[in-house]
Amino acid sequence: MINPATQQDEITDIFIENQLIIAIGDKPQGFTADKVIDASGQLVLPGLIDIQCRVREPGFTHKASIASETRAAAMNGITSLCIPPDSKPITDNSAIVEQIHHSNQKAGNRCHIYTIGAITRKLNGEHLSNMGTLKLAGCVALSNALQPFANNLVQRRAMEYAAGQNMLVVIQPYDHALYSNGCAHEGALATRLGLPPIPEAAETAALAKDIELVAQTGATTHFGQISCARSVDMIRQAKKDGLPITADVSMHQLFLTDRDIDYFDTNKLTIPPLRSEQDKAALRQGLIDGTIDCICSDHQPHDADAKLKPFPSAEPGISALDTLLPLLFKLVEEGVLKLPQAVNKLTLKPASIFALPTGQIAPGELADIIIVDDQCHYQCDSARFLSAGKNTPFHGWDFTARVTTTMVAGTIIE
Amino acid sequence: MITNNLQLNENGKLKHFLSIEGLNKTILTNILDTAESFTSVTNRSIKKVPILRGKTVANLFFEASTRTRATFELAAQRLSADILSLDIKTSSAVKGESLLDTLHNLQAMQVDMFVIRHQDSGSAHFFAQHVAPGVSVLNAGDGQHSHPTQGMLDMFTIRRHKGSFENLCVAIVGDIKHSRVARSQIHALNILNTGQVRVIAPRTLLPEQTEALGVQVYHDLDEGLKDVDVVIMLRLQKERMTGALLPSEQEYFRQYGLTADRVKLAKPDAIVMHPGPANRGIEIESSVMDGKQSVILQQVTYGIAVRMAVMSMIASQPV
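Residues numbered from 1 in each chain as written. Chains lettered and ligands numbered in written order. Predicted model: local features only at pLDDT ≥ 70, side-chain atom pairs only at ≥ 80, totals over all residues. Heavy atoms only, no water.

### Brief notes about helix H2 (residues 67–78) of chain B
Its 12 residues place the ends of H2(B) 16 Å apart at the C-alpha level, agreeing with the 16 Å of an ideal helix rising 1.5 Å per residue. Just downstream of H2(B) lies B:Ser80, where phi reads positive at about 70°. (Helix = DSSP H or I, 4+ residues; strand = E, 2+ residues; numbered from the N terminus. Expected span 1.5 Å × (residues − 1).)

### Focus: the sheet that holds strand E6 (residues 48–50) of chain A
All names here are of chain A. Taken in spatial order, the eight strands line up as E6-E7-E8-E9-E10-E13-E14-E15 in an open sheet, and their pairing is parallel. Of all strands in the sheet, those bounded by a partner on one side alone are E6 and strand E15 (294–296). The sheet shows a mean angle of 30° between the axes of neighbouring strands, taken without regard to direction. The pairing of strand E9 (residues 141–143) with strand E10 (residues 168–171) spans three bridges and is classified as parallel. Across the sheet, leucine 142 pairs through a bridge with valine 169, a residue of E10. (Pairing = 2+ DSSP bridges. Axes fitted to C-alpha atoms, helices over the stretch in contact; angles between N-to-C directions.)

### Some words on the pairing of strand E7 (residues 78–83) of chain A
All names here are of chain A. The buried fraction of E7 amounts to six of the six residues, a majority that puts the element mostly inside the structure. Two strands pair when backbone bridges link them, and E6 and E7 are joined in this way by three bridges, in the parallel orientation. Of the residues in E7, the one forming a bridge with leucine 48 is isoleucine 78. This β-α-β element, E6 to helix H1 (residues 66–75) to E7, shows right-handed connectivity. (Buried < 20%, exposed > 50% of the residue type's maximum accessible area, 1.4 Å probe, protein only. Right-handed = clockwise from strand over helix to strand, strands pointing away.)

### Quick notes on the domain arrangement of chain B
Residues and elements named next belong to chain B. On domain assignment, one finds that chain B holds domain 1 (5–146 + 301–315) and domain 2 (149–297). If you average the C-alpha positions of domain 1 and of domain 2, the two centres end up 26 Å apart. Surface buried jointly by domain 1 and domain 2 totals about 2500 Å² across both partners, of which 60% is contributed by carbon and sulfur atoms. On the domain 1 side of the interface with domain 2, the three residues burying the most area are Leu32, Gln144 and Tyr302, jointly 27% of the side's total. The interface formed by domain 1 and domain 2 contains four salt bridges. Between lysine 25 and glutamate 166 there is a salt bridge; the shortest N-O distance is 3.5 Å. The interface formed by domain 1 and domain 2 contains 11 residue pairs in polar contact (both at pLDDT 80 or more). Contributions of two or more residues to the side of domain 1 that touches domain 2 are made by helix H1 (25–43), H2, strand E3 (113–118), strand E4 (136–142) and helix H12 (296–315). (Domains from an automatic or database assignment. Buried area = accessible area lost by both parts, 1.4 Å probe. Salt bridge = Lys/Arg side-chain N within 4 Å of Asp/Glu carboxyl O. Polar contact = N/O pair within 3.5 Å; in protein donor to acceptor, adjacent residues only side chain to side chain.)

### Points about the nonpolar core
B:Phe17, B:Ile31, B:Ile172 and B:Met311 are the most contacted members of the largest nonpolar core, which totals 90 residues. The residue makeup of this core includes at least three contributed by each of domain 1 (5–146 + 301–315) and domain 2 (149–297) of chain B. Those residues in contact with B:Phe17 that sit more than four places away from it in its chain are B:Gln7, B:Leu23, B:Ile31, B:Val137, B:Leu138, B:Asn139, B:Pro148, B:Thr149, B:Met152, B:Val310 and B:Ile314. Among the nonpolar cores identified, the runner-up in size contains 82 residues, and A:Ile171, A:Leu207, A:Ile245 and A:Phe385 belong to it. (Core = buried A, V, L, I, M, F, W, Y, C linked by side-chain atoms within 4.5 Å. Contact = heavy atoms within 4.5 Å.)

### A few points about the side chain of A:Asp279
All names here are of chain A. When you line up the elements, aspartate 279 lands in helix H9 (residues 277–289). This buried residue, aspartate 279, is left without a salt bridge; arginine 275 holds the nearest opposite charge, at 5.3 Å. A distance of 2.9 Å separates the side chain of aspartate 279 from the side chain of serine 276, its partner in a polar contact. In this view, aspartate 279 contacts His185, Glu200, Ser227, Cys228 and Ala229; residues no more than four positions away in its chain are not counted. (Lys, Arg positive; Asp, Glu negative; His and termini not counted.)

### Comments concerning the packing of aromatic side chains
In this description, an aromatic ring pair is defined by two values, namely the gap between the centres and the angle between the planes. Residues and elements named next belong to chain A. Applying the stated criterion across every chain, the model contains 10 aromatic pairs over all chains. Taken together through their ring pairs, the aromatic side chains of Phe255, Phe394 and Trp397 make up a single cluster. In this arrangement the basic side chain of arginine 402 is found over the ring face of tyrosine 378, its NZ or CZ atom lying 4.0 Å from the centre. (Phe/Tyr/Trp six-rings, centres within 6.5 Å; stacked < 30°, edge-to-face > 60°. Lys NZ or Arg CZ within 6 Å of the ring centre and 35° of its normal.)

### A look at the sheet that holds strand E7 (residues 216–218) of chain B
Residues and elements named next belong to chain B. Taken in spatial order, the five strands make up an open sheet running E7-E6-E5-E8-E9, and their pairing is parallel. Either end of the sheet is taken by a strand with one partner, and the two such strands are E7 and strand E9 (271–273). Shown here is a sheet whose adjacent strand axes are inclined to one another by a mean of 20°, direction ignored. Here strand E5 (residues 169–173) pairs with strand E8 (residues 230–233) via four bridges, running parallel.

### A word on the pattern of salt bridges
Close approach of charged atoms allows side chains of opposite charge to pair. Considering all chains together, one arrives at 24 salt bridges over all chains under this definition. Taking the shortest distance from any N to any O, the salt bridge between A:Lys268 and A:Asp265 comes out at 3.0 Å. Using a relative accessible area of 26% as the deciding quantity, one classes A:Asp265 as partly exposed. The salt bridge involving B:Asp222 is made with B:Arg262; its shortest N-O contact spans 2.9 Å. Within this pair, whereas B:Asp222 is found in helix H7 (residues 221–225), its partner B:Arg262 is found in helix H10 (residues 260–263), the two being separated by 40 residues in sequence. Relative accessible area serves as the criterion here: at 33%, B:Asp222 is assigned to the partly exposed category. Residue classification places B:Arg262 among the buried positions, given a relative accessible area of 15%. Through salt bridges with shared partners, one network takes in A:Arg54, A:Asp86 and A:Asp298.

### Quick notes on the interface of chain A and chain B
Taken together, the contact pairs 19 residues of chain A with 25 residues of chain B. Contact between chain A and chain B buries roughly 1900 Å² in total, counting both sides, with carbon and sulfur atoms accounting for 58%. Looking only at chain A, the three residues that lose the most surface to chain B are A:Thr191, A:Arg192 and A:Tyr263, adding up to 35% of its buried area. Linking chain A with chain B are one salt bridge. One salt bridge connects A:Arg192 with B:Glu21, and the closest N-O pair in it is separated by 2.4 Å. At the boundary of chain A with chain B, the tally comes to six residue pairs in polar contact (both at pLDDT 80 or more).

Next comes the structure, spelled out in structure tokens:
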């Protein structure tokens, strides 16, 4: 059992009753097991928490659904999902939040779903949403997703109001004018292929402004899907300055660079774009030294047609639930992180940033537990993905870890 | 860099013509030699050979074109092909049909060769990936990526006037950033071992890491033109002014316009080229365009022979 919260890494027994873990180690008095799971030779971890996952429902169910994606998540060891507000309709009122939870319940509650509410109405960047109501409805954070604020004044007020509600603000640094119609990192590859480029400043110029607004407003802010080396430096400095910020990186950014686009491979079209080798190295370093607090999947399942287009017209994003855990073990294999540290980045850390009641194996906690066989060998095969989206850049990669059992709130998911 | 070279068949012969990058010197030289043999055909009173008799060529232009479309049509006609030219503005693409469906429908009409121009970089590769075996794709310009037949007709023009490439200094002037023509020329010049390739442009019209393409970068036109054998001017699109890439046409002409005085900085026997359509008085002075060193209209004529060469080389491959 590996439990980052207590830094435990030991062979032991876990006792579960109803939804909760009731003891670890010694059997509680009077406990008789209805069912015993033998995990010997395997790893027992807290269920993974993915803080940036699009399930495509409501609004885009031709791509995926809550039913398909919660099952894919659970079977791949992810027991909690945070979903951004840019569904259709947009998550800017409590009815949508309830609808999402209702769909999840209908699908069997295979995963805990946590909603991130829209910080402006309809994500229009102009009018503040009913943040207090969204909080009551269960939203764990607020964000404008990839939509721009009308101006810095609106952004400042939105962050101020959110801070007053004790709500976490989630920002993906994104300068719309600098992004323009870009679809690949501005570098030698985009130049060679004539792809409209996305400069580094499309992220860093926005991030610099966002950090200043954190300093101004004091809003606790989480920066999502950081892609540039300079962003890592800026966040490191802002943390040193004592600002209340955290950050994550998408798993694919730790393995791929713009060169992997090769000859217009639309499965490698992402926003933010795959960056340079130096950026990748800096993101890994940021993860090691804690500048980057956690990892997300940035899961974006697509229907086949979305990618069957010339590169600039294809839809960006990667179907990432099926590869999140095997890639986490690859990070360990490549010596980037030790296993407990790696597990921490997808369990305890995201749970503490988003204040989620999960992420550790301890008496009294929800029994969100996974069992992992980390001694297997298989080739990643997109056709066998459980996610409805088969759009992966990792098809054919060699993996060594897979989930054998997932338990969500004490129930084994099948 | 190319892991999967779609353009060549298992014998290393042309199957599609998508980009200059990925082809070797032998193939490029072969195209030039074949084009040379076709120039005699285009000069005859009966300008037809039966190489593509019974084959159907579809011209698919999603973007406006005069020269390229007309010369592709003439090239196919002179090779005796049946031609289908589609005006996409009135076709089903505007009714929401996907690119792939358009392709499949035309393929169902038993087209053998597609000539495609599309605004997306990589669209020619996309088509080539999805056509049926035995059907070929010729790139007539994809976004800002490649315009390989233009690149080859420019090489043909240079070889006709200068013989070989080894000792030449070639300068490409203008909007490199948005130019598929420049990218194709640069690749072709480097594959053909050109002595030196220069690009001359203001910073805003150069892509990042331009040097990685194998060129020397100049921001000063006068400096860059010194002792060159070939000057290639690129068209300046008017939209560049509104995109805050340049201050004004006047300033551009003052700094980067090719005037008769500036031509004198190049070698006395230097040739002046332009892929067209040219903006007189913006990137090039009329007296230069119509002057004795200009080979601009010959480029258009050679375009037919070069396109015939590429089509016939592809058609000669067993499918």
